[in-house]
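# Structural description and commentary
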Amino acid sequence: MSASDARNPLFVPLIAVGGSLFGFGLAYSGMARPEVVLDFLQLQDLGLLFVMGGAAAVTGTVITLATRHLDHAPLTGDRYGKRERSFDRSVLLGGAVFGVGWGISGLCPGSAYASLGIGNYPILLGIAGMFLGAYAQGYWRAYRQETDRTATPSD
Amino acid sequence: MLGQFDALTIIGQASFTGLFPRGISQYAIGGVLIGLGVSIIYLGTAITPGASTFFESTLSYVSEIPRFNRAKYLATRDWRLVFTLSMVAGAAVYALLLGQGGWTTDVRPWRLLGGGVLVGIGTRIGKGCTSGHGIHGLASLSRTSFANVATFMAVAIGTALSMQALGVTP
C-alpha cells in the first residue's frame, strides 16, 4: 500500500475491473441472495463450498506463482506477499461474533454489496448494520487503550 | 454432465442431489470468477483486497475517531470505495444480463439489521471476513485464517440451524 501519492494511472481502473468481476462472480454464484447462503448454513445446499473453494483455489494458485516467480507488482512496485494475520484470541472471538451475525442474516460484506447490485434494496438495512457494528467496535476500542494492539485491521 | 455421475452408487447419487439441489456449476463458476477478480487486482498491485476494511476506511470520511483515521485507512479509502462500488456494479451487470433484472430478499428486516451489526463487529475484531480470511487467507494457507474460517463456519451453521429449529423463516 505504498506509493499512494504517485499512483499509476491504471491503478484505479484495475481496482474497478477486478471489483466488477468479483461482484459479478458473487451474483453469478448466488451468494448475493441471503436465502442461498442460509440454505448452506442450514445444510440444505452445500454449494457455497464450491464458491469459496473455487475462489481460494484460483487465488491460491496466483499467489503461489507470484510469490515464487514474480518480483514487484507493476502498478505499485510493491512486493508480492501472502495474506498473513497474527493469531490471537480476537481471531476466534471475532470469527464467532461474525458467525452469529452470518447465521442470523446470511450476509457477509462482499455478498451484501453484490446483493445491492442485483436490486435487493432491503439489504441496505444489513449494510447499515455493518457500519453501525464497525463504528461501535472502533469507538469501543478507541477508548480501551490496553487492548488496542489486538485490533489489527484486515485488508 | 451425467456421465461423470455414472460411477457413483445410487446412494451416492441420491446424497449428491440432496447436498446440491441447485447443481454445482453456478457455484464453481462463480467462485472462479471471484478468484479471477481478486487475482487481477493482486497481480497488478500486490494488494489482497478484502471487503470489510471498507467500513473503517469509509468511516474515516465522516468520523474524527483516530482509529478510523490511521494512515492505512486514509491511504486506501479512495480505492476501497471504488472497489466496493464496482462490486455493486458488477452484480448489477449480472442482474441485467443474466439475472432477470431485480430481485429482493424475503429475509426479515430485523435479521438483516441485527445480523449486519454482528457482522460489522465480528469482522473488525477478527481481522477479516469471508473474502479476507475465506479467500485470501485460505489462498495464502494462513493458519490464522483457517482458524477464523473454521470458527465462523461452525458458529454460523449452529446459529442458522438454531434459528430454523425455532421456526424463524425466512
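Nothing here was measured: the structure is a model prediction, and the numbers come from that model. (Residues numbered from 1 in each chain as written. Chains lettered and ligands numbered in written order. Predicted model: local features only at pLDDT ≥ 70, side-chain atom pairs only at ≥ 80, totals over all residues. Heavy atoms only, no water.)

## Concerning the environment of P21 of chain B
Residue position: P21 of chain B is located in the loop between α1 (10–19) and α2 (25–45). Ignoring sequence-local partners within four residues, the contact set of P21 of chain B consists of Q44 and D45 of chain A. (Helix = DSSP H or I, 4+ residues; strand = E, 2+ residues; numbered from the N terminus. Contact = heavy atoms within 4.5 Å.)

## Looking at the UniProt feature "transmembrane region" (unreviewed entry) in chain B
All names here are of chain B. Here the UniProt feature "transmembrane region" (unreviewed entry) sits at residues 24–44, 79–97 and 146–166. Secondary structure within residues 24–44 divides into 95% helix and 0% strand; the distance between the first and last C-alpha atoms comes to 30 Å. Counted over residues 146–166, helix gives 95% and strand 0%. Its end C-alpha atoms are 30 Å apart. (UniProt positions renumbered as here; feature names shortened; annotations may be inferred.)

## Considerations on the nonpolar core
By size, the foremost hydrophobic cluster in this structure holds 66 residues, and its most contacted members are F22, M31, L41, W102, Y113 and I118 of chain A together with M153 of chain B. In terms of residue count, the dominant contributor to this core is helix α4 (residues 71–97) of chain B (seven residues). Both domain 1 (24–104) and domain 2 (106–170) of chain B contribute no fewer than three residues apiece to this core. In this view, M31 of chain A contacts L26, V36, V37, L48, V51 and S111 of chain A together with Y27 of chain B; residues no more than four positions away in its chain are not counted. With eight residues, the next largest nonpolar core counts I63 and A66 of chain A together with Y42 and A46 of chain B among its residues. (Core = buried A, V, L, I, M, F, W, Y, C linked by side-chain atoms within 4.5 Å. Buried < 20%, exposed > 50% of the residue type's maximum accessible area, 1.4 Å probe, protein only. Domains from an automatic or database assignment.)

## Examining the packing of helix α3 (residues 53–62) of chain B against α4 of chain B
Residue and element names in this part refer to chain B. Following both chains from N to C, one finds α3 and α4 inclined at 115 degrees, their axes separated by 8 Å at the closest point. Taken together, α3 and α4 sit at an angle that is classed as roughly perpendicular. Note that α3 runs across α4; the crossing there is left-handed. Each of T53, F54, E56, S57, S60 and Y61 in α3 lies in contact with α4, whose residues at this interface are Y73, L74, T76, R77, D78, R80, L81 and T84. Of the residues belonging to the contact of α3 with α4, the class tally is five nonpolar, five polar and four charged. (Axes fitted to C-alpha atoms, helices over the stretch in contact; angles between N-to-C directions. Parallel < 35°, antiparallel > 145°, perpendicular 65-115°, else oblique. Left-handed = near helix turned anticlockwise from the far one by under 90°. Nonpolar A, V, L, I, M, F, W, Y, C, P; charged D, E, K, R; others polar.)

## A short note on the packing of aromatic side chains
Tallied over the entire structure, the rule returns 19 aromatic pairs over all chains. With a centroid separation of 5.7 Å and an interplanar angle of 70 degrees, the aromatic rings of F131 of chain A and F54 of chain B are classed as edge-to-face. Placement of F131 of chain A in helix α6 (residues 123–142) and of F54 of chain B in helix α3 is noted, with the two residues assigned to different chains. For the residue pair F131 of chain A and F54 of chain B, the accessibility class agrees, reading buried in each case. When the ring of F54 of chain B is compared with that of F55 of chain B, the centres are 6.4 Å apart and the planes differ by 55 degrees; the resulting orientation is tilted. Assigned by exposure class, F54 of chain B and F55 of chain B land together as buried. In textbook terms, an aromatic cluster arises when at least three aromatic residues are bridged by ring pairs, as seen for F11 and F22 of chain A together with W79 and F83 of chain B. Positioned above the aromatic ring of F11 of chain A, the side-chain terminus of R7 of chain A is 4.2 Å from the ring centre. (Phe/Tyr/Trp six-rings, centres within 6.5 Å; stacked < 30°, edge-to-face > 60°. Lys NZ or Arg CZ within 6 Å of the ring centre and 35° of its normal.)

## Some thoughts on the environment of A112 of chain A
All names here are of chain A. Among the structural elements, A112 can be located in helix α5 (residues 109–117). When its relative accessible area of 0% is taken as the criterion, A112 is described as buried. Linking A112 and L124, residues twelve residues apart in sequence, is a C-alpha distance of 8.2 Å. If we ignore the near neighbours within four places in the chain, the residues touching A112 are I123, I127 and M130.

## Some thoughts on the interface of chain B and chain A
Contacts between the two partners involve 117 residues from chain B and, on the opposite side, 119 residues from chain A. Ranking the residues of chain B by area buried against chain A places R67, W103 and K127 of chain B at the top, with a combined share of 8%. In this assembly, chain B and chain A are joined by three salt bridges. A salt bridge links D45 of chain A to R22 of chain B, with the nearest nitrogen and oxygen atoms 2.6 Å apart. Run the count over chain B and chain A and you get 29 residue pairs in polar contact (both at pLDDT 80 or more). (Buried area = accessible area lost by both parts, 1.4 Å probe. Salt bridge = Lys/Arg side-chain N within 4 Å of Asp/Glu carboxyl O. Polar contact = N/O pair within 3.5 Å; in protein donor to acceptor, adjacent residues only side chain to side chain.)

## Focus: the domain arrangement of chain B
All names here are of chain B. When cut into domains, chain B gives domain 1 (24–104) and domain 2 (106–170). Between the C-alpha centres of domain 1 and domain 2 there is a distance of 18 Å. Contacts between the two partners involve eleven residues from domain 1, matched on the other side by nine residues from domain 2. Of the roughly 720 Å² buried where domain 1 meets domain 2, counting both sides, 60% is carbon and sulfur surface. In this structure, the connection of domain 1 to domain 2 is made through one salt bridge. A salt bridge links E56 to R124; the shortest N-O distance between them is 2.5 Å. Taken together, the links from domain 1 to domain 2 amount to four residue pairs in polar contact (both at pLDDT 80 or more). For the side of domain 1 that touches domain 2, the secondary-structure elements that each account for two or more residues are α2 and α3. Here the side of domain 1 that touches domain 2 gets three residues from one element, more than from any other, and that element is α3. Considering only residue class, the side of domain 1 that touches domain 2 consists of five nonpolar, five polar and one charged.

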